[in-house]
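Observations on the model geometry
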Amino acid sequence: MRILLTNDDGINAPGLYVLEKIAAQLSDDIWICAPSEEQSGAGHSLTLTRPVRMREHAPKRFSVTGTPTDSVTMGIKKALPGPPDLILSGVNRGANLGDDVTYSGTVSAAMEGALAGIRSIALSQVYSGEGHGNNVSFSAAEEWGAKVLKPLLDAPFAPRTLINVNFPPVAAADVKGIRVVRQGFHDYARGSVVEGMDPRGFPYFWFGLHGIEHTLGHNTDLEAIAEGYISVTPLQLDLTHDASMAQIASRYTA
């Protein structure tokens, strides 16, 4: 089984080394094509206004001066000798829960793989609080990663679907299990913007990483993580809201 690894935290991210350890339990044919620098929040974006460059660091290990989507495209079309059987994206440093998946470069890399017809899975390690830097613990992901992935290797994936996996911010021994759950939704009206002043006297702004209020459902990824479970969520790329089709169409009938 040929596996392509990518992420949005960059080619030197600690989570990518964790993902290599996980993938090594599944196959010995592992390829890496990841952004040369961190691309968190890049979403499903492509680089269209400047050239993309690819660098080979070692056999089967490449970086791309672009987004996670660029990395998957370059991996499939330029770096690998043939299409991979599986694409794994991550392990992201931080959660990709609820509607965060629309911003996530990690999830978007898996989306690109799904569009190419390749079985694709995104993995993220949730952590609590702020200011951890590279000291985020990936113990839950490292210990449980292969256990989560193995049942999915021969599971049927519907066309244009992917799997989003999040590991809770607890020690591996404290993980309560695995739940297959729906995508939750945050309350972004209560998010934060952190304001500061640069040395020249001009204001600047950071989007805060403070806890964003959310409503816990009874069967969502948000609730699963909050209760110490690994969340496994199937996502689809068809965003059409079928229930609204007839009502909207009626607005245009004579």
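Summary of the structure given here. Here the structure is a predicted model, which is why all the values come from computation and not from measurement. (Residues numbered from 1 in each chain as written. Predicted model: local features only at pLDDT ≥ 70, side-chain atom pairs only at ≥ 80, totals over all residues. Heavy atoms only, no water.)

1. Describing the overall build of the protein
A count of helices and strands for the protein gives six helices and eleven strands. For the protein, whose C-alpha radius of gyration is 19 Å, the value lies close to the compact-globule estimate of 18 Å for 254 residues. In terms of overall dimensions, the protein has C-alpha extents of about 60 × 55 × 45 Å along its principal axes. Looking at the protein as a whole, 46% of its 254 residues are labelled buried. Looking at the protein alone, contacts between residues at least 24 apart form 77% of all its contacts between residues at least 6 apart. Carbon and sulfur atoms make up 53% of the accessible area of the protein, which amounts to about 13600 Å² in all. Charge-centre separation for the protein: the mean point of 20 positive side chains lies 6 Å from the mean point of 27 negative side chains. (Helix = DSSP H or I, 4+ residues; strand = E, 2+ residues; numbered from the N terminus. Rg over C-alpha atoms; globule rule 2.2 N^0.38 Å. Buried < 20%, exposed > 50% of the residue type's maximum accessible area, 1.4 Å probe, protein only. Contact = heavy atoms within 4.5 Å. Areas by Shrake-Rupley, 256 points an atom, 1.4 Å probe, with all protein chains shown as cover. Lys, Arg positive; Asp, Glu negative; His and termini not counted. Charge placed at Lys NZ, Arg CZ, Asp CG, Glu CD.)

2. Brief notes about helix 1 (residues 14–24)
For helix 1, the set of buried residues is Gly15, Leu16, Val18, Leu19, Ile22 and Ala23. Take helix 1 and look down its axis: the buried residues cluster within an arc of 155 degrees, on one side only. Against the buried residues of helix 1 lie strand 1 (2–6), strand 2 (29–35), strand 4 (61–64), strand 5 (86–93), strand 6 (119–125) and helix 4 (139–149). (Arc of directions from axis to C-beta.)

3. Quick word on the nonpolar core
Counting 32 residues, the largest nonpolar core has Leu5, Leu88, Ile121, Leu123, Val165 and Phe167 as its most contacted members. Only strand 1, helix 1, strand 2, strand 5, strand 6, helix 4, strand 7 (161–167) and strand 11 (230–236) provide two or more residues apiece to this core. Ignoring any residue separated from it by four or fewer positions in sequence, one finds Leu123 in contact with Leu19, Leu88, Ser89, Gly90, Val91, Asn92, Thr106, Leu149, Val165 and Phe167. In this structure, Val64, Met74, Ala79 and Ile118 belong to the second largest nonpolar core, which totals twelve residues. (Core = buried A, V, L, I, M, F, W, Y, C linked by side-chain atoms within 4.5 Å.)

4. Focus on the environment of Ile87
Along the chain, Ile87 falls in strand 5. Given the relative accessible area of 0%, Ile87 is considered buried. Contacts of Ile87, omitting those with residues within four sequence positions, involve Leu4, Val72, Ile76, Gly113, Ile118, Arg119, Ser120 and Ile121.

5. Focus on unusual backbone geometry
With an omega of -15 degrees, the peptide bond running from Gly90 to Val91 counts as cis. The topology assignment puts Val91 in strand 5.

6. Side note on the packing of helix 1 against helix 4
The relative placement of two packed helices comes down to the angle between their axes together with the axis-to-axis distance. Running from N to C, helix 1 and helix 4 cross one another at 45 degrees; their axes reach a closest spacing of 9 Å. As the angle between them shows, helix 1 and helix 4 are arranged oblique. Along this stretch, helix 1 crosses helix 4, giving a crossing that reads as right-handed. Across the interface between the two elements, Val18, Lys21 and Ile22 of helix 1 pack against Ala141, Glu142, Gly145, Ala146 and Leu149 of helix 4. Residues that form the contact of helix 1 with helix 4 fall into these classes: five nonpolar, one polar and two charged. (Axes fitted to C-alpha atoms, helices over the stretch in contact; angles between N-to-C directions. Parallel < 35°, antiparallel > 145°, perpendicular 65-115°, else oblique. Left-handed = near helix turned anticlockwise from the far one by under 90°. Nonpolar A, V, L, I, M, F, W, Y, C, P; charged D, E, K, R; others polar.)

7. A word on the packing of aromatic side chains
To describe a pair of aromatic rings, one takes the distance between the centres and the angle between the planes. Applying the stated rule across the entire model yields zero aromatic pairs. In this structure, Arg179 is placed above the aromatic ring of Tyr229, and the distance from its NZ or CZ to the ring centre is 4.0 Å. (Phe/Tyr/Trp six-rings, centres within 6.5 Å; stacked < 30°, edge-to-face > 60°. Lys NZ or Arg CZ within 6 Å of the ring centre and 35° of its normal.)

8. What about the pairing of strand 10 (residues 203–207)?
Taking burial as the measure, the five residues of strand 10 include zero buried ones, a minor fraction of the element. In this antiparallel pair of consecutive strands, strand 9 (residues 193–197) and strand 10, the connection spans five residues, and Gly201 shows a positive phi of 90 degrees. (Pairing = 2+ DSSP bridges.)

9. Here we look at the packing of helix 2 (residues 68–79) against helix 3 (residues 105–115)
Following both chains from N to C, one finds helix 2 and helix 3 inclined at 35 degrees, their axes separated by 8 Å at the closest point. Considering the relative orientation of helix 2 and helix 3, their crossing is right-handed. From helix 2, Pro68, Thr69, Val72 and Thr73 reach across to helix 3, where they touch Gly105, Ser108, Ala109, Glu112 and Gly113. Here the residues of the contact of helix 2 with helix 3 are counted per class, giving three nonpolar, five polar and one charged.

10. Structural notes on the sheet that holds strand 2
Pairing is mixed across the open sheet formed by nine strands, whose spatial order is 3-4-2-1-5-6-7-11-8. One side of each edge strand has no neighbouring strand; the edge strands of this open sheet are strand 3 (54–58) and strand 8 (178–180). Strand-to-strand twist in this sheet, taken as the mean axis angle between neighbours without regard to direction, amounts to 20 degrees. Sheet topology places strand 7 next to strand 11; six bridges connect them, and they run antiparallel. Bridge pairing in strand 11 links Leu162 to Leu235. In the packing of helix 3 onto the sheet, the strands contacted are strand 1, strand 5, strand 6, strand 7 and strand 11, and the crossing angle to strand 6 comes to about 175 degrees.

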